[in-house]
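# Geometric and topological summary
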Amino acid sequence: MIKQKIEQIRGGKLSAEDNITYFINKIKKDNPKINSVLHVNPDAVKQAIEIDKKIKNGKKAGKLAGIGFIVKSNINVKGLIINCASKTLENYKGTYNASVIDRLLKEDAIIIGMSNMDEFACGSSGETSAFGFCKNPRSIDRIPGGSSSGSAASVAADFCDFSLGSDTGGSIRNPASHCGVVGYKPSYGAVSRYGLIDLAMSFDQIGPLANDVQDCQIIFDIIKGKDENDPAAIDYKSEKKDSIKIGILEVKGDKKIIDKIKNKTEKVSKDNKYNYDKISLNNVDLGIQTYYPIVYVEFFSGTRKFDGRKYGKKIEDSAGVEVLRRIVGGGKISKAEFAGKYYRRALTAKRIIEEEFNNAFKKVDIIIMPTVPKLPHKIGEKISVEDMYNYDTLTVLANIAQIPAISIPCGEIEGLPVGLQILAKKGNDDFLLDISKKFE
Ligand code: GLN
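From a predicted model like this one, the values you see are computed outputs, not experimental measurements. (Residues numbered from 1 in each chain as written. Predicted model: local features only at pLDDT ≥ 70, side-chain atom pairs only at ≥ 80, totals over all residues. Heavy atoms only, no water.)

## Points about the overall build of the protein
Which entries qualify depends on this criterion: Secondary structure follows DSSP: runs of H or I at least 4 residues long count as helices, runs of E at least 2 residues long count as strands, and numbering of each begins at the N terminus. Radius of gyration here uses only the C-alpha atoms, and the compact-globule reference equals 2.2 Å multiplied by the residue count raised to the power 0.38. With a 1.4 Å probe rolled over the protein chains alone, any residue whose accessible area is under 20% of its type maximum counts as buried; one over 50% counts as exposed, and the rest are partly exposed. Throughout, a contact is declared for two residues whenever any of their heavy atoms are within 4.5 Å.
Across its full length, the protein carries 16 helices and eleven strands. In terms of overall dimensions, the protein is globule-like: its C-alpha atoms have a radius of gyration of 21 Å, near the 22 Å expected for 440 residues. Dimensions of the protein along its principal axes, counting C-alpha atoms only, are 60 × 60 × 45 Å. Per-residue burial over the protein gives 60% buried out of 440 residues. Pairs at least 24 apart in sequence give 76% of the contacts found in the protein among residues at least 6 apart.

The following block contains the structure:
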């Protein structure tokens with residue numbers, strides 16, 4: 001859809017100003033109900049008018065001229081409020097642009113606003129935001145998923161052409177699944193993390209959420225690749241494949257969801273003459289136990305800078321329960337006497353899971369499973385910490401193995417959108433995106 005819109009804007013059939021004004025009016029009308037946007041960019045329309053002038057005067061316009069996007073509130077944008085949906089950073093304004101932002105602005109995309117999220121990206125439901133729950137536009141009394149809740153809900157609510165999220169253990173794919181949009185987590189290192197406020201830097205990736213796979217691909221092509229500000233960012237080259245073999249991973253979860261994903265995979269495979277088979281991995285059930293200790297430790301260490309001196313308030317005095325749980329837990333696990341017990345064991349488990357995926361990708365080209373193994377709960381419904389963490393059972397795996405993964409809408413169950421998740425070998429991002437189009 002972005003491709004067609006860019007053609008319209010370049011061809012003078014639609015102005016950038018009208019495109020952006022439409023979104024801003026829609027946010028004014030519907031955001032009080034959805035709460036997916038925390039701050040609107042006050043200069044968005046002015047910036048759109050400048051782009052229209054550029055096009056009218058025959059000057060070279062960027063690849064995304066006039067396209068509007070919403071940014072997760074943990075990605076730095078100069079002059080806008082980057083609060084991570086936390087009281088800790090309540091009025092904190094970005095002092096520089098993250099690399100992804102610079103790349104998108106260089107192509108004349110326009111920032112519409114900053115999105116709501118789980119506080120410091122800790123959560124799977126959007127409920128840990130200090131600025132109110134974000135609602136699911138597809139089912140208003142349900143959670144939209146998280147932690148990029150507002151980024152997913154904003155695409156679903158038609159507040160933007162696309163949005164940016166961050167994914168440490170599923171935070172792009174999980175809300176994409178619940179809100180019925182496409183969410184893409186690139187291979188670790190495929191996109192620069194410069195300017196992202198970390199949850200856990202060895203897992204975090206920035207990626208796009210959009211209405212379809214092609215839109216995600218267009219955005220990925222612009223934000224990906226080497227960056228002198230992030231030594232971990234590299235240029236990957238995808239493999240080319242002549243015949244495709246799909247592995248449907250055996251997982252635990254809601255049978256209705258699992259069957260739906262399996263049926264869809266079988267149908268697409270038959271239609272496209274792909275080989276497919278069930279596969280099983282020994283240690284996928286250990287994903288959550290592996291992921292959380294590592295996140296706790298890295299998050300604890302990353303938040304030591306929020307001591308109230310340089311940025312905002314002291315985090316221990318101002319953050320919510322889930323953030324505090326991780327700081328206290330991470331602090332404990334980091335103590336020398338416990339290090340071998342939790343953190344080092346988690347790192348060992350990480351290597352084992354990574355190895356299992358490496359071996360699996362010697363036999364199959366892509367692996368398919370549900371994005372989330374259960375349906376989203378009602379907003380405000382009390383669920384245990386374990387149940388909350390279990391939303392991530394199937395998404396943390398790609399972060400642990402550092403591989404690319406996408407969530408694509410796969411119909412509905414009980415009126416709620418369900419996402420199909422596709423994973424590929426590390427670095428095979430372009431291949432993954434190409435094949436994902438067949439599943440739409
Ligand atoms: N829900 C997971 C967590 O709370 C994932 C978060 C994320 O990917 N940012 O850690």
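## Remarks on the packing of aromatic side chains
For any pair of aromatic rings, geometry is given as the distance between the ring centres together with the angle between the planes. The condition is simple: Aromatic rings from Phe, Tyr and Trp, taking only the six-membered ring of Trp, are treated as a pair when their centres fall within 6.5 Å; an angle between ring planes under 30 degrees marks them as stacked, one over 60 as edge-to-face, and anything in between as tilted. Here, a charge over a ring is recorded when the distance from Lys NZ or Arg CZ to the ring centre is within 6 Å and its angle to the ring normal is within 35 degrees.
The full count for this structure, using the stated rule, is 14 aromatic pairs. Taking the centre distance of 5.7 Å and the plane angle of 75° together, the rings of Tyr92 and Tyr311 count as edge-to-face. Separated by 219 residues along the polypeptide, Tyr92 in the loop between strand 2 (68-72) and helix 4 (99-106) and Tyr311 in the loop between helix 9 (287-302) and helix 10 (315-318) bring together distant segments of the chain. By relative accessible area, which is 17% here, Tyr92 ends up buried. Among the aromatic side chains, those forming a connected cluster through ring pairs are Tyr92, Phe120, Phe299, Phe306 and Tyr311. Here the basic side chain of Lys241 rests over the ring of Phe431, its NZ or CZ set 5.8 Å away from the ring centre. The ring of Tyr391 has Lys374 sitting right over it, with the charged end atom 4.1 Å from the ring centre.

## Describing the side chain of Asp167
Rules: Any pair of nitrogen or oxygen atoms within 3.5 Å is treated as a polar contact; in protein, a donor-acceptor pairing is required on top of that, and neighbouring residues in sequence qualify only through side-chain atoms on both sides.
Here Asp167 shows up in strand 4 (residues 162-167). A polar contact is formed between the side chain of Asp167 and the backbone nitrogen of Ile172, at a distance of 3.1 Å. Here the side chain of Asp167 touches Arg173 through a polar contact of 2.8 Å, side chain to side chain.

## Thoughts on the site of the ligand
Here is the rule: Near is defined per residue: the residue qualifies when any heavy atom it owns lies within 4 Å of the molecule or strand. Only the protein chains shown count as cover for residues, with accessible areas throughout obtained via the Shrake-Rupley method and a probe of 1.4 Å. A cavity here means a set of points on a 1 Å grid, drawn over the protein atoms and nothing else, where a 1.4 Å probe fits but cannot get out; a pocket is an open set with protein on both sides within 12 Å along at least five of seven lines, and a residue lines either one if it has an atom within 4 Å of a point. What decides whether a molecule sits in a cavity or pocket is whether more than half of its atoms lie within 2 Å of the grid points. Under the scheme applied here, ten amino acids are nonpolar (Ala, Val, Leu, Ile, Met, Phe, Trp, Tyr, Cys and Pro), four are charged (Asp, Glu, Lys and Arg), and all others, including Gly, are polar.
The environment of the ligand is made up of 15 residues, and the closest members are Thr168, Gly169, Ser171, Tyr291 and Arg326. When the free accessible area of the ligand is taken as 290 Å², the share hidden by the protein chains comes to 100%. Of the pockets mapped on this structure, the ligand occupies the largest cavity. The residue makeup of the shell around the ligand, split by class, is five nonpolar, seven polar and three charged.

## So, the layout of surface pockets
Definition in use: Grid points are joined across faces, edges and corners, and a volume is the space filled by probe spheres set on the points.
Considering only enclosed or pocket space, the largest pocket measures out at about 470 Å³ in volume. Of all the secondary structure elements, the ones that give two or more residues to the lining of the largest pocket are helix 11 (321-334) and helix 14 (385-390). In terms of residue count, the dominant contributor to the lining of the largest pocket is helix 11 (four residues). For the lining of the largest pocket, the class distribution of residues is eight nonpolar, eight polar and seven charged.

## Some remarks on the pairing of strand 10 (residues 405-413)
Here is the rule: Two strands are counted as paired when DSSP detects at least two bridges linking them.
For strand 5 (residues 182-185) and strand 10, the ladder comprises three bridges, and the chain directions are antiparallel. Its bridge partner lying in strand 10, Lys185 is registered against Ala405. Taking the residues between adjacent antiparallel strands as the criterion, strand 10 and strand 11 (residues 416-424) are bridged by two residues, where Glu414 takes a positive phi near 50°.

## What to know about the sheet that holds strand 2
Quick note on the threshold: A fitted line through C-alpha atoms represents every axis, and for helices the fit uses only the stretch in contact; the resulting angles, taken between N-to-C directions, go from 0 to 180 degrees.
If you trace the eleven strands from one edge of the open sheet to the other, you get 1-3-2-4-6-5-10-11-9-7-8, paired in mixed fashion. With partners counted over all chains shown, the strands left at the sheet margins are strand 1 (37-40) and strand 8 (275-279), one partner each. Averaged over all pairs of adjacent strands, the angle between strand axes in this sheet comes to 30°, irrespective of strand direction. Bridging between strand 4 and strand 6 (residues 205-210) involves six bridges; their strand directions are antiparallel.

## Quick look at empty space enclosed by the protein
Scanning all chains against the criterion turns up two cavities of 30 Å³ or more. Reported here for the largest cavity is a volume of approximately 80 Å³. Lining the largest cavity are 15 residues, and of these Gly123, Ser171, Tyr291, Tyr292 and Asp392 sit closest to its centre. Counted by class, the lining of the largest cavity contains five nonpolar, eight polar and two charged residues. The space that makes up the second largest cavity amounts to roughly 40 Å³. Around the second largest cavity sit Ser177, His178, Ile257, Val372, Lys374, Leu375, Pro376, Pro417, Val418 and Gly419, which together line it. Of all elements in the fold, only helix 6 (173-179) and strand 11 reach the threshold of two or more residues within the lining of the second largest cavity.

## Regarding helix 3 (residues 44-56)
One turn of the α-helix equals 3.6 residues, which is why residues spaced by three or four share an orientation. Basically, it comes down to this: The span you would expect from a helix comes to 1.5 Å times its residue count less one. The arc in question is traced by the directions running from the helix axis to the C-beta atoms.
Between its terminal C-alpha atoms helix 3 stretches 19 Å, which fits the 18 Å expected from 13 residues at 1.5 Å a residue. Looking at helix 3, one finds that the buried residues are Ala44, Ala48, Ile51, Asp52 and Ile55. Projected down its long axis, helix 3 shows its buried positions confined to an angular sector of 105°, all on one face. The exposed set on the far side of helix 3, more than 90 degrees from its buried face, consists of Lys46 and Lys56. Where helix 3 terminates, the next one or two residues include Gly58, which has phi positive at roughly 70°.

## A few points about the pattern of salt bridges
Defined as follows: Within this document, salt bridges are pairs made up of a side-chain nitrogen of Lys or Arg and a carboxyl oxygen of Asp or Glu, the two lying within 4 Å of each other.
Applying the stated criterion to the full structure yields 26 salt bridges. The salt bridge involving Lys87 is made with Glu90; its shortest N-O contact spans 4.0 Å. Salt-bridge contacts for Arg193 lead to Asp198; the nearest nitrogen and oxygen are separated by 3.9 Å. Of the residues examined, Asp198 reaches a relative accessible area of 24% and is grouped as partly exposed.

## Re helix 5 (residues 149-156)
With seven of its eight residues buried, helix 5 lies for the most part within the structure. Turning to helix 5, its buried residues are Ser149, Gly150, Ser151, Ala152, Ala153, Ser154 and Val155. One or two positions beyond helix 5, positive phi appears at Asp158, with a value near 65°.

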